[in-house]
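Fold and contact review
Okay, here's what each chain looks like letter by letter:
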Amino acid sequence: MAISSIEPDSGARSDARVLLIACASVAGLLGVLGFAVAILGGAHARDATVQLSLTPQTAFPKVQSAAPRFSTQMDAAAGTLTITQPVYAGHALLADPALIEQTENGPLPRVASDGRTPMAAYAAPVAAAGKPKIAVVITGLGISVRQTDAALSKLPSAVTLAFAPYADGAQSLAAEARKQGHEILAEVPMEPYDFPDSDPGPRTLRAGGDEQANIQRLAWALTRFTGYTGVVNMAGGRLLSDPDSLSPVMTFLTRRGLLFYDDGSAPHSIAPEVAHRTGASFAQGTVAIDAVQNPMEIDRRLSQLEEQARSTGSASGTGAVYPVTLDRVALWAQGLSGRGFVLVPASAIVAKSN
């Protein structure tokens, strides 16, 4: 019996054509997506310098909802950093496991087994020698992303930047500052005279309080980010006038290889005496640049810095991350070398006290 051939009807041919076109479209879309992933993934891989393990234990405190526009492989907003090899931001060292004690709260600075200190390892280079030195420390970075962005955009790299421990994305911001050549400090909240009416924030170091509690609060502040040469007081008039409370703090910082920068705002600070007694690496601000937030007054204070540096060989001024401060410091710094001075990081004016 002959078998007759069966031809598909026109409806079946139409359905098959639609299915073929759909399959081709999906294949094309997958190809485009694969290409995009390959390109973007390859670029990210080329930028990567080190793999970091994030242990989701203690998150950095979130003070501001807006996320910083800076990014880094060391952004610890999701957990505690575990650093396994040296990490660089550009050419600047940002973290070295030899200089870190891993704690449940994050990386705590320490002196390396070969004697290297965080102060020396993370210090920014000094551009020139033989001229009177002026250091400028700007505090309060990290709380406002907009103002931090302005500081990083406007200020010369020789200006030292101090980051608050409550900054959201502090590690990312610190990395960007180091990448641009800035030396950085960690701000530590300390009890002012009018506490609690003026409250620097959670985990403030208290005068006349429990020594161990203060050390725990200090250690927490030191684990918020890496790459800093030392600390600067946030407020602290009462603590800085209490030798029994300040001495353990100085001793802890000295054993960790960190400098202490007194911003000069406390009128009765005994920090120089305690630093001498404990052998701390210490510097003190001599001029409050923006005690009055007026352009002419800030210019006058900056001129005072020059007079002091010319007289004694070095001087240090402290200001906050106010827009007017950033503008006046940036303009002043442009002609500083021509006037015979060199702008240096805070570590360049530190002297071992003992």
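Conventions adopted
Residues numbered from 1 in each chain as written. Predicted model: local features only at pLDDT ≥ 70, side-chain atom pairs only at ≥ 80, totals over all residues. Heavy atoms only, no water. Salt bridge = Lys/Arg side-chain N within 4 Å of Asp/Glu carboxyl O. Helix = DSSP H or I, 4+ residues; strand = E, 2+ residues; numbered from the N terminus. Buried < 20%, exposed > 50% of the residue type's maximum accessible area, 1.4 Å probe, protein only. Axes fitted to C-alpha atoms, helices over the stretch in contact; angles between N-to-C directions. Parallel < 35°, antiparallel > 145°, perpendicular 65-115°, else oblique. Left-handed = near helix turned anticlockwise from the far one by under 90°. Contact = heavy atoms within 4.5 Å. Nonpolar A, V, L, I, M, F, W, Y, C, P; charged D, E, K, R; others polar. Pairing = 2+ DSSP bridges. Phe/Tyr/Trp six-rings, centres within 6.5 Å; stacked < 30°, edge-to-face > 60°. Lys NZ or Arg CZ within 6 Å of the ring centre and 35° of its normal.

Moving on: the pattern of salt bridges. Evaluation of the coordinates by the stated rule reveals ten salt bridges. Its salt-bridge partner being R116, residue D96 comes within 3.3 Å of it at the nearest N-O pair. Remark: R116 occurs in the loop between strand 6 (106–109) and helix 2 (118–121) and D96 occurs in the loop between strand 4 (92–95) and strand 5 (100–103); sequence separation between them is 20 residues. What makes R116 partly exposed here is its relative accessible area of 32%.

Moving on: the packing of helix 6 (residues 243–255) against helix 7 (residues 271–278). Put simply, helix 6 and helix 7 touch, their axes get as near as 9 Å, and they point 50 degrees apart. Of the possible angle classes, the one that applies to helix 6 and helix 7 is oblique. The interaxial crossing formed by helix 6 with helix 7 has right-handed handedness. Each of P243, L246, S247, M250, T251 and T254 in helix 6 lies in contact with helix 7, whose residues at this interface are A271, V274, A275, R277 and T278. Its residues assigned to classes, the contact of helix 6 with helix 7 comprises six nonpolar, four polar and one charged.

Attention shifts here to the pairing of strand 6. Direction of pairing for strand 5 relative to strand 6: antiparallel, over a ladder of four bridges. Residue T103 lies in a different strand from strand 6, and its bridge partner there is G106. Linking two consecutive strands that pair antiparallel, namely strand 5 and strand 6, is a turn of two residues.

A few words on unusual backbone geometry. A cis amide bond links F195 to the next residue, P196, at an omega of 5 degrees. Following the sequence through the fold, P196 ends up in the loop between strand 9 (184–190) and helix 5 (211–222). The phi dihedral of R203 is positive, around 60 degrees, even though this residue is not glycine. Inspection of the secondary structure assignment puts R203 in the loop between strand 9 and helix 5. Its identity is not glycine, yet A235 carries a phi of approximately 65 degrees, on the positive side. Along the chain, A235 falls in strand 10 (residues 230–235). On the basis of relative accessibility, which here comes to 34%, the residue A235 falls in the partly exposed class.

How two aromatic rings sit relative to each other is given by the distance of their centres and the angle of their planes. Scanning the entire structure with this criterion turns up four aromatic pairs. Consider the rings of F163 and F225, whose centres lie 5.9 Å apart with planes at 70 degrees: the pair is edge-to-face. Here the residue F163 occupies a position in strand 8 (residues 160–163), and F225 occupies one in the loop between helix 5 and strand 10, the gap between them amounting to 62 residues. Relative to F282, the ring of F260 has its centre 6.2 Å away and its plane inclined at 10 degrees; by these criteria the two rings are stacked. With F260 in strand 11 (residues 259–262) and F282 in strand 12 (residues 281–284), this pair connects stretches of sequence that are 22 residues apart. Looking at F282, the relative accessible area reads 11%, which means it is buried. Each residue in the set F163, F225 and Y228 is aromatic and connected to the rest through ring pairs, giving one cluster. We note R203 situated over the ring of W220; from NZ or CZ to the ring centre the distance is 4.3 Å.

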